[in-house]
Each structure stands twice: as C-alpha cells, then as structure tokens.
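Structural characterization, general
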Amino acid sequence: MAAAVEESRAGLAELAQVPWRAPTDERFLRRYARIWLAWTFAYTVPFLGAGIVLMALEPLAFPVVLASLAHAWIIPELYAFRGASVLRVKGPRNAHAEPVAQGLLGDLLGHESRALQRATGVALERGSMGVWLVGEAGALLLPAGGRRVHCFCVRATDRTLPPADRIAHLLLALRTDERGFATVANHAFCGAPWRVRRRLPVPMRPGLDAARAVARAA
Amino acid sequence: MSRLIRMDATGHSTLAEWTAADDAAFEAAAREFRDGLEQGYIGVLDQGEGRAEQVRELPRDAGLVIMRRPIAGG
C-alpha cells in the first residue's frame, strides 16, 4: 500500500503528457483571473469608446455606433459561451450502459452531490482550490467567495464511455491530484458566474447555483 | 470483499474480487490489474470522502480499485 500511495504523491499520471505546463495552482488562477478581467476591458472599452465618440461627432453615424456597441456586447458573450460550453453534453449517449455507469458514479458521490448530479447532470466536488462542478467533458472551478468561475475543458480519452463514466473519470482524476487535474485541463474562460450561468443549459443552472452557494460559504 | 473494476463502454465490468486471506484470488486480481495497466488503464484506489489514490500495484487490503482511461485537455 505504501508504494501505491507514494506513486500518487508523484502527481497525476497524465501530467507526463504536458511537461511544458506550469502547475495550475491558486496563484496561477488569481493571475489568470486578472488577465481575463484586463482582456475583457481591452476588447470592450475601445468599442464602447468609439461608439460614444462617433455619436458625439456625428449623430447620423448611429448605424456605425450600433455596430460598435454590438461588438462590445457580442465578444464578451462569445467568450462566456465558450466557458459555459465545457459543461455541455457531448458525444454518444450510450443509453444502454448509462444506468450501470450512474450506479458507480452514485457510489463515488455523497448523498447531496448524488441528488444534484441526477437532477442537473453535473457533479459538485469540494476541493482545496475551491468548489468544482464536473461535467462530461469539462469542469468549472469556483474559488472561495464564488465571485469568479474558471472553466476547464478536459475529458476522458475513451469516447465509447457512457456519460456518467466520463464524469467518474474526471472526478477520480480530480480527487487524485487537484492541481494536476487543473494543469492537464485546458483553461477556457474566467469571469463572473452570472456570465456563464446565462449560457448554461437550463437544467444545469441549479448546479452552478449550488456550487456558488458553497463557494460563498467557504 | 475487495473488488477490481474497469470503467468501459458497458458502464463498468468487474474484473476480479478477492479477500486479503485468499492468495489465489488476489494473484488473479493482480494479473488482471497488470494487464489493465499494459492496456493503458490507470489504477485508482477509491478512499471515500472525496479522496482517491493512483496505484501502480494492486493493494491487497483495498476496498475498491477502479481502472480508468487517461484524461486529456479538450
């Protein structure tokens, strides 16, 4: 048993696939959140400013002003959509195997998280970096306070797995090495939870609400 | 009773079951475990309460060991 535990302390096996990546830890996430915030301002403010200046200079240019304001609205929407998409249902459903997979996933989850997963399709997991919401092909992380959500794109490599098994794969990897999991995953978006929530499928929204409530209480 | 299972297209398959006192059953389970590793699976020992350990050898006193496929950034 000791040898087995020693192996785990070496980190997630999949880290060997991404040796060039710096470990994704709390400091990395705080820096990424600041970069995303600055980036959001960088692609929003110029369009807003251009619209205001154009309107002041020439009111007849309002169609161009509208186009500029539309850019300031659409681009952040697209980024948030990209973030929410990590939780969207993807791949074959494998309906015949799903009840068996759900049974195993239910055994791995606690009572509260199991009920939430059955209702929303996403599994809530408390970690040292924050509260995770794990889906079939991605995960959201809400650090303590719940003011930001980090969206990660990550999936099991076997596409024949039923959906619940895909979640179980990610959950086991997350439980094995949380920072390793975040490092292997591709960071897709960081922003306010309400921006992501609006673009989530409706059944999944209570999952994000629950995760945010836990993160706020942390 | 300890169990070795593999997550696959059927949901999951039970590969072996053993008790700490049954050497033959444990050896058969250990063989299944090694075969799984050679096929690219990763062994995970479920420890409950949100904890799991990656294992390279089958722990004799484990409760549930799960073989999973690698994950990758999407």
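Residues numbered from 1 in each chain as written. Chains lettered and ligands numbered in written order. Predicted model: local features only at pLDDT ≥ 70, side-chain atom pairs only at ≥ 80, totals over all residues.

Focus on the nonpolar core
The line we're drawing: The nonpolar core criterion groups buried Ala, Val, Leu, Ile, Met, Phe, Trp, Tyr and Cys residues into a set whenever they are joined through C-beta atoms within 7 Å. Here a residue counts as buried when 20 or more other C-beta atoms sit within 10 Å of its C-beta, as exposed when there are 12 or fewer, and as partly exposed otherwise, the C-beta atoms being derived from the backbone. Secondary structure elements are defined from DSSP: runs of H or I of at least 4 residues count as helices, runs of E of at least 2 residues count as strands, and each element is numbered from the N terminus.
Core analysis: the biggest nonpolar cluster contains 73 residues, and A:L133, A:V134, A:A139, A:L140, A:F152 and A:L170 have the highest contact counts within it. For this core, the element with the highest residue contribution is helix α6 (residues 163-176) of chain A, accounting for 8 residues.

Digging into the packing of helix α2 (residues 26-57) of chain A against helix α3 (residues 62-84) of chain A
All names here are of chain A. Convention followed: Only C-alpha atoms enter the line fits that serve as axes; for helices the fit covers just the stretch in contact. Angles between N-to-C directions range over 0 to 180 degrees. Any angle from 65 to 115 degrees is called roughly perpendicular, while one under 35 is roughly parallel, one over 145 is roughly antiparallel, and all others are oblique. Left-handed describes a crossing whose near helix is turned anticlockwise from the far helix through less than a right angle; right-handed describes the clockwise counterpart. Throughout, a residue-residue contact means that the two C-beta atoms, derived from backbone geometry, are no farther apart than 7 Å. Polarity classes work like this: nonpolar for Ala, Val, Leu, Ile, Met, Phe, Trp, Tyr, Cys and Pro, charged for Asp, Glu, Lys and Arg, and polar for all others, with Gly in that last group.
At a minimum axis separation of 8 Å, α2 and α3 run at an interaxial angle of 165 degrees. One finds that α2 runs roughly antiparallel with respect to α3. Every pair of crossing elements has a handedness; the one defined by α2 and α3 is left-handed. Residues T40, Y43, T44, F47, L48, A50, G51, L54 and M55 of α2 touch α3, and the partners they reach there are F62, V64, V65, S68, L69, H71, A72, I75 and P76. Residue composition of the contact of α2 with α3, grouped by class: 13 nonpolar, 5 polar and no charged.

Let's talk about the pairing of strand β5 (residues 64-68) of chain B
Strand residues, when the strand is regular, have side chains that alternate between the two faces of the sheet. All names here are of chain B. Heads up, the rule is: Pairing between two strands requires that DSSP report at least two bridges joining them.
Burial analysis of β5 places 4 of its 5 residues in the buried class, which makes it a mostly covered element. Both strand β1 (residues 2-8) and β5 contribute to a ladder of 4 bridges, which runs parallel. Across the sheet, residue L4 finds its bridge partner in β5, namely V65. As defined by bridge partners, strand β3 (residues 42-48) adjoins β5 across 5 bridges and the pair is classed as antiparallel. Within β5, the position partnered with D46 by the bridge is L64.

So, the pairing of strand β5 (residues 186-191) of chain A
Residue and element names in this part refer to chain A. Counted residue by residue, β5 has 5 buried out of 6 residues, so it is predominantly covered. Pairing of strand β4 (residues 149-156) with β5, which is carried by 5 bridges, proceeds in the antiparallel orientation. Along β5, the bridge assignment pairs C151 with F189.

Let's talk about the sheet that holds strand β2 (residues 11-18) of chain B
Across the sheet, which stays open at both edges, the 5 strands sit in the order β2-β1-β5-β3-β4 (chain B) with mixed pairing between neighbours. Only two strands of the sheet have a single partner each, and these edge strands are β2 and β4 (51-55) of chain B. Taking each pair of neighbouring strands and ignoring which way they run, the sheet shows an average axis angle of 30 degrees. Pairing of β3(B) with β4(B), which is carried by 5 bridges, proceeds in the antiparallel orientation. The residue bridging B:G48 from the neighbouring strand is B:R51, located in β4(B). Those strands touched by α6(A) are β1, β2, β3, β4 and β5 of chain B, and its axis lies near 85 degrees from that of β4(B). Those strands touched by helix α1 (residues 23-38) of chain B are β1, β2, β3 and β5 of chain B, and its axis lies near 140 degrees from that of β2(B).

Things to note about the interface of chain A and chain B
Reports of interface size often rely on the accessible area that becomes lost once the parts have come together. On the chain B side, the residues contacting the 39 residues of chain A number 27 residues. Those elements that place two or more of their residues in the side of chain A that touches chain B are α1 (2-9), α4 (98-108), β1 (123-126), β4 and α6 of chain A. The biggest single contributor to the side of chain A that touches chain B is α6(A), with 8 residues. When grouped by side-chain class, the residues that make up the side of chain A that touches chain B number 22 nonpolar, 9 polar and 8 charged. Both β4(A) and strand β6 (residues 71-73) of chain B contribute to a ladder of 3 bridges, which runs antiparallel. Bridge assignment links A:V154 to a residue of β6(B), and that residue is B:G73.

Let's talk about the environment of B:D61
Residue and element names in this part refer to chain B. Residue placement: D61 occurs in the loop between β4 and β5. Judged by the 8 C-beta atoms lying within 10 Å of it, D61 falls in the exposed class. Through-space distance from the C-alpha of D61 to that of M1 is 9.3 Å; in sequence the pair is 60 residues apart.

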